[in-house]
Amino acid sequence: MTHDSAAVRRPSSRVRSGLMLALVSSASFGLSGALARGLLDAGWTPGAAVLARIAIAALVVTPLGLRDLAGRWHLLARNSGVVVVYGLLAVAGAQFCYFSAVQHMQVGPALLIEYTAPAVVVLWLWLRQGQRPGRVTVLGAALATAGLVLVLDLFSGADVSLLGVAWALGAMIGAATYFILNADESNGLPPLTLAAGGLVVATLVLGALGAVGVLPMAGSLDAVDYGTVAGSVSVPWWLPLALLGVVTAGVAYTTGIAAGRRLGSRLASFVSLTEVLTAVVFAWLLLAELPGLVQLLGGVLVLAGVVAVKLGEDRSVTSATERPEPVPA
């Protein structure tokens, strides 16, 4: 039985709590792009902003992860590969690529590209578990592709940052890894322990890359400016940095893993699409930034496409769980 099939059979109270955790995680993640843009504009490099964010989150989450591990070090040793992959791709890779993307393009379109990740999850489950997508799933993928073209505004001749698109696609791969590993309960790792391990690995890797000069690391103690809808606002540099670490990483990852365990990778990735909406709202509130009409239409198509993909996959899972068990002879 797959993790997603199991999610369909779980008690409704567990699903409800999973939905609430997923919404909290999505809203927390959605705040990161707008906060990061202020730091980047103030002179912070993407590498420095991501490293500070993840290091702060690691300091907050690690004591909780050790508490839940309760001395069962064999679980951590047995799943060291999972923790390393989670830290490299789902944490460091996804966040660094996303922060790099918003340095070259608007927050909304960057996040919309990243959140074609549910389609990648569907493809992975097809290739690895033989869950072939149905017609509704294929239709959804086509809608998402058409929407992506509109989000990039290719037909109007607008300038498109290919570098920004490339970074956003890298973030998409990291996000897909995040959903797949979050839903895996077979490793026995408590959610907070997996989150703490991934955050520590990401901190060490990004710190090492910065130390040898592979990732440019530069920050600033100057005030950070946000061109909000109410006018320009300046805040001390440590405030957005603290919010990035505690809220958009610490809270976001721990609640996201807990949600994935309750909902499975399919449903969790579907609910996570609300991050796109919250990110656009935060980008409007903090940056006075909204995508154009064509990009909004593309965003609607992307969301409709991914929703169709999820509906198609959930239908196949439900059908599988409703098949009658064979009667013993």
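Values in this document were obtained by computation on a predicted structure and should not be read as measured data. Here, residues in each chain are numbered from 1, in the same order as that chain's written sequence. This being a predicted model, a pLDDT of at least 70 is required before a residue's local features are given, and a value of 80 or more before pairs of side-chain atoms are given or counted; all residues contribute to the totals for chains, interfaces and linings. Side-chain measures were taken over the full set of non-hydrogen atoms in the model, leaving aside hydrogen atoms and water.

### Topic: the pattern of salt bridges
Pairing between side chains becomes possible if they bear opposite charge and their charged atoms approach one another.
1) Next: For salt bridges, the criterion is a side-chain nitrogen of Lys or Arg within 4 Å of an Asp or Glu carboxyl oxygen. Throughout the structure, instances matching the rule amount to 2 salt bridges.
2) Next: A salt bridge links E185 to R14; the nearest nitrogen and oxygen atoms lie 3.3 Å apart. One end of the pair, E185, is in the loop between α10 (162-182) and α11 (191-211); the other, R14, is in helix α2 (residues 12-30), with 171 residues separating them in the sequence.
3) Next: Relative accessibility decides the category of a residue: with a 1.4 Å probe and only protein chains considered, values under 20% of the type maximum give buried, values over 50% give exposed, and everything between is partly exposed. You can call E185 partly exposed: its relative accessible area is 32%.
4) Next: In this structure, R67 engages D68 in a salt bridge whose closest nitrogen and oxygen atoms are separated by 3.1 Å. The helix count covers DSSP runs of H or I at least four residues long, the strand count covers runs of E at least two residues long, and both are numbered beginning at the N terminus.

### Topic: unusual backbone geometry
1) Next: One non-glycine residue, A70, lies in positive phi territory at about 55 degrees.
2) Next: Residue A70 is classed as exposed on the basis of its relative accessible area, which comes to 57%.

### Let's talk about the packing of helix α6 (residues 80-102) against α10
1) Next: Fitting a line to C-alpha atoms yields each axis, with helices limited to the stretch in contact; the angle taken between N-to-C directions then spans 0 to 180 degrees. Remark: α6 packs on α10, axes separated minimally by 7 Å, with the N-to-C direction vectors making an angle of 150 degrees. By the criterion of interaxial angle, the relationship of α6 to α10 is roughly antiparallel. For the pair α6 and α10, the sense of crossing is left-handed. When α6 is examined against α10, the residues V82, V85, Y86, L89, A90, A94, F96, C97, Y98, S100 and A101 are found in contact with a partner set consisting of G164, W167, A168, G170, A171, G174, A175, T177, Y178, L181 and N182.
2) Next: A per-class count over the contact of α6 with α10 returns 16 nonpolar, 6 polar and no charged. Every angle not falling under 35 degrees, over 145, or within 65 to 115 is termed oblique; those three ranges are roughly parallel, roughly antiparallel and roughly perpendicular. We call a crossing left-handed when the near helix sits turned anticlockwise from the far one by less than a right angle, and right-handed when that turn is clockwise. Residues count as neighbours in contact if any of their non-hydrogen atoms are within 4.5 Å of one another. Charged means Asp, Glu, Lys or Arg here, nonpolar means Ala, Val, Leu, Ile, Met, Phe, Trp, Tyr, Cys or Pro, and polar covers whatever is left, Gly included.

### Considerations on the nonpolar core
1) Next: Y86, L199 and Y253 are the most contacted members of the largest nonpolar core, which has 73 residues in total.
2) Next: Of all the elements, α6 adds the most residues to this core, at 11 residues.
3) Next: Setting aside chain neighbours within four positions, we find L199 in contact with I54, A57, A58, V61, V91 and Y253.
4) Next: The nonpolar core is taken to be a set of buried Ala, Val, Leu, Ile, Met, Phe, Trp, Tyr and Cys residues, with the residues joined through side-chain atoms within 4.5 Å. Ranked by size, the runner-up nonpolar core spans 5 residues in total, among them A22, A259, L263 and A268.

### Quick look at the side chain of T45
1) Next: For T45, the position within the fold is in the loop between α3 (32-41) and α4 (46-69).
2) Next: Accessibility expressed as a relative area gives 16% for T45, which makes it buried.
3) Next: Between N or O atoms, a polar contact is any pair within 3.5 Å; within protein, one atom must be a potential hydrogen donor and the other a potential acceptor, and residues adjacent in sequence are included only when both atoms are from side chains. Within the structure, T45 has its side chain in polar contact with the backbone oxygen of P216 (distance 2.8 Å).
4) Next: Setting aside residues no more than four positions away along its own chain, T45 makes contact with L40, P216, M217 and A218.

### A word on a nonpolar patch on the surface
1) Next: Distance thresholds for patches are 9 Å for like charges and 5 Å for nonpolar side chains (Val, Leu, Ile, Met, Phe, Trp, Tyr), applied to residues having over 30% relative accessible area and no salt bridge. In these tables, accessible area is a Shrake-Rupley quantity obtained with a 1.4 Å probe, and a residue counts as shielded only by the protein chains included in the view. Taken together, V24, L59, V60, V246 and V251 make up a surface patch of nonpolar side chains, about 390 Å² in accessible area.
2) Next: Elements supplying a minimum of two residues to the nonpolar patch: α4 and α12 (238-271).
3) Next: Mapped onto the secondary structure, V251 falls in helix α12.

### Regarding the pairing of strand β1 (residues 224-228)
Consecutive residues of a regular strand have side chains that alternate between opposite faces of the sheet.
1) Next: On β1, burial follows the alternation: V224, Y226 and T228 on one face are buried, whereas D225 and G227 on the facing-out side are not.
2) Next: Counting the residues between successive antiparallel strands, the hairpin from β1 to strand β2 (residues 231-235) contains 2 residues. Note: two strands are recorded as paired if DSSP finds a minimum of 2 bridges between them.

### Some details on the pairing of β2
1) Next: Sheet topology note: the β1/β2 ladder contains 5 bridges and is antiparallel. Note that in β2 the partner of Y226 across the bridge is V233.

### Structural notes on α11
1) Next: The span one expects for a helix is its residue count, reduced by one, times 1.5 Å. Over its 21 residues, α11 runs 30 Å from end to end, which matches the ideal 30 Å to within 8%, given 1.5 Å per residue.
2) Next: Among all positions in α11, only L192, T193, L194, A195, A196, G197, G198, L199, V201, A202, T203 and L206 are buried.
3) Next: Following α11 by one or two positions, G213 adopts a phi angle in the positive range, close to 90 degrees.

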